[in-house]
Amino acid sequence: MRVEVKLWAVLPAAGVGKRMGSKIPKQYLELSGRTVIEHTLKLFVDHDRISGVVVALGPEDGYWGSTSYAAHPKVLRAAGGAERCHSVLNALLALEGRAEDADWVLVHDAARPCLRLEDLERLIDSLLDDAVGGLLGVPVRDTMKRANGGERIDATVDRSALWHAYTPQMFRLGLLRHALQDALAASDLVTDDASAIERLGQAPRLIEGHADNIKITRAEDLPLAHFHLRQQGRID
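Residues numbered from 1 in each chain as written. Predicted model: local features only at pLDDT ≥ 70, side-chain atom pairs only at ≥ 80, totals over all residues. Heavy atoms only, no water.

Okay, the sheet that holds strand S10 (residues 163-172) next. Spatial strand order, S5-S4-S1-S6-S10-S7-S11: 7 strands in an open sheet with mixed pairing. Looking at which strands have only one partner, the edges of the open sheet turn out to be strand S5 (75-79) and strand S11 (205-208). Direction aside, the axes of adjacent strands within the sheet are offset by 30 degrees on average. Summarising the sheet, strand S4 (residues 50-57) and S5 pair through 5 bridges and their orientation is parallel. Its bridge partner lying in S5, Leu-57 is registered against Ala-79. (Pairing = 2+ DSSP bridges. Helix = DSSP H or I, 4+ residues; strand = E, 2+ residues; numbered from the N terminus. Axes fitted to C-alpha atoms, helices over the stretch in contact; angles between N-to-C directions.)

Moving on, we get to the packing of helix H2 (residues 84-94) against helix H4 (residues 173-185). The contact between H2 and H4 brings their axes to 10 Å, and the two run at 140 degrees. Here H4 runs oblique to H2, going by the angle between their axes. Relative to H4, H2 is oriented so that their crossing is left-handed. Packed against H2, whose contacting residues are Cys-85, His-86, Val-88, Leu-89, Leu-92 and Leu-93, the element H4 presents Leu-173, Leu-176, Arg-177, Leu-180, Gln-181 and Leu-184 at the interface. Among the residues making up the contact of H2 with H4, the classes are represented as 9 nonpolar, 2 polar and 1 charged. (Parallel < 35°, antiparallel > 145°, perpendicular 65-115°, else oblique. Left-handed = near helix turned anticlockwise from the far one by under 90°. Contact = heavy atoms within 4.5 Å. Nonpolar A, V, L, I, M, F, W, Y, C, P; charged D, E, K, R; others polar.)

The next thing to look at is the layout of surface pockets. Approximately 260 Å³ is the volume found for the second largest pocket. Lining the second largest pocket, in full, are Arg-34, His-39, Lys-42, Leu-43, Asp-46, His-47, Arg-116, Leu-117, Leu-229, Gln-232, Arg-234 and Ile-235. Here the lining of the second largest pocket takes 3 residues from helix H1 (residues 36-45), the largest share from any one element. (1 Å grid on protein atoms, 1.4 Å probe; cavity = no way out; pocket = protein on both sides within 12 Å on 5 of 7 lines; lining within 4 Å. Points joined across faces, edges and corners; volume = space filled by probe spheres on them.)

Moving on: H1. The element H1 is largely enclosed, with a buried count of 9 among its 10 residues. Among the residues making up H1, those that are buried are Val-36, Ile-37, Glu-38, His-39, Thr-40, Leu-41, Leu-43, Phe-44 and Val-45. (Buried < 20%, exposed > 50% of the residue type's maximum accessible area, 1.4 Å probe, protein only.)

So, on to unusual backbone geometry. Residue Pro-168 is reached from Thr-167 by a cis peptide bond, and omega for that bond is 10 degrees. By the element assignment, Pro-168 lies in strand S10. Phi is positive for Ser-32, close to 55 degrees, though the residue is something other than glycine. Note that Ser-32 resides in the loop between strand S2 (30-31) and strand S3 (34-35). Residue classification places Ser-32 among the partly exposed residues on the basis of a relative accessible area of 25%. Phi at Ser-187 takes a positive value of approximately 60 degrees, unusual for a residue other than glycine. Turning to its location among the elements, Ser-187 is positioned in the loop between H4 and helix H5 (193-199).

Under the UniProt annotation, "site: Transition state stabilizer" (unreviewed entry) lies at Arg-19 and Lys-26. Mapped onto the fold, Lys-26 is located in the loop between strand S1 (7-13) and S2. (UniProt positions renumbered as here; feature names shortened; annotations may be inferred.)

Take the pattern of salt bridges next. By the definition in use, this model includes 13 salt bridges. In this structure, Asp-46 engages Lys-42 in a salt bridge whose closest nitrogen and oxygen atoms are separated by 2.7 Å. The partner of Glu-121 in a salt bridge is Arg-49, and the shortest N-O contact between them spans 2.7 Å. In this pair, Glu-121 sits in helix H3 (residues 117-127) while Arg-49 sits in the loop between H1 and S4, placing the two residues 72 residues apart along the sequence. Taking the relative accessible area as the measure of exposure, Arg-49 reaches 28% and is therefore partly exposed. Here the salt bridges do not stand alone but share partners, grouping Arg-84, Asp-109, Arg-112 and Asp-193 into one network. (Salt bridge = Lys/Arg side-chain N within 4 Å of Asp/Glu carboxyl O.)

The next thing to look at is the nonpolar core. Most often, soluble globular proteins keep nonpolar side chains buried together rather than apart. In terms of nonpolar packing, the biggest core is built from 31 residues, with Ile-37, Leu-41, Val-53, Val-55, Trp-64 and Met-170 touching the most fellow members. Among the elements of the structure, S1, H1, S4, strand S6 (104-107), H3, strand S7 (133-139) and S10 are those that each provide at least two residues to this core. Discounting chain neighbours no more than four positions away, the residues touching Trp-64 are Tyr-28, Ile-37, Leu-41, Val-55, Leu-57, Tyr-69, Ala-70, Val-75 and Arg-77. Counting 26 residues, the second largest nonpolar core, distinct from the first, contains Leu-89, Val-105, Ala-179 and Ala-183. (Core = buried A, V, L, I, M, F, W, Y, C linked by side-chain atoms within 4.5 Å.)

What follows is the structure in C-alpha cells.
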C-alpha cells in the first residue's frame, strides 16, 4: 500500500543570465505577453497534485513583485544563492514545517517554460514508487565529439548511452537536502540535482521527455520558445 506523500515544486530563479546579453534576467524577459517565469510557473501552480511551489530569488531581485504569482497563496519565496545548488538547498530548507522528508520535490529550471503537461505527468507517475527518483531527459541523437582542449577533435564519443539531462528532476525532499548539503560540504558545486544524488552512489532514473523542453539561455531561444508554446496550444 502506497503511503500518501505530497509533491512540491522548486524553481531556482536567482540567475542573471549573462549569455542572454540583456540587462533583464532571462526569467523576466517577455515571452508571448508574459514573462518567461510566469509561463513556467503556470504549469506547476495550476497542477492539482502539487501542493506548493518555492521560488528561490536573488536578494536584489526587483522584478518578482510585478509578476502575477508574487502574492499567490500556493507560491513561497526563498533566498537565492550564489550557485544553483545553493538556491535549491535554500528552497528545500524553506519547506521545513510544511513538508516531510518523504515528500517528493520536483526541481525545475525557471527558464524552461515549454515543459509539456504530459511529460510532467509521466515523470510523476513513473517515479512515485521509485527507490531513488529521477529526471526528464532526451537520448542524444547527434554525433558527439570530444575536443582536445582547443578547437580540434580529440575523439568521437559513443552516443548510444548518452542523454541530455532536462528538468524537472524529482527526488525525496530529505534525500535531496542531504545530497546537496554533502556536496557543498565537499565544495562540489553540482550543476544539477541528479549529480548530487549520484555522489551518494545512487542511480537516478531517466524518463524520456520531449526535446521542446528547451532552456532559454540565448536571445535566439525566445522565438523558439514562442513557437513551441504555440505548437502546444498554450498561446494563441
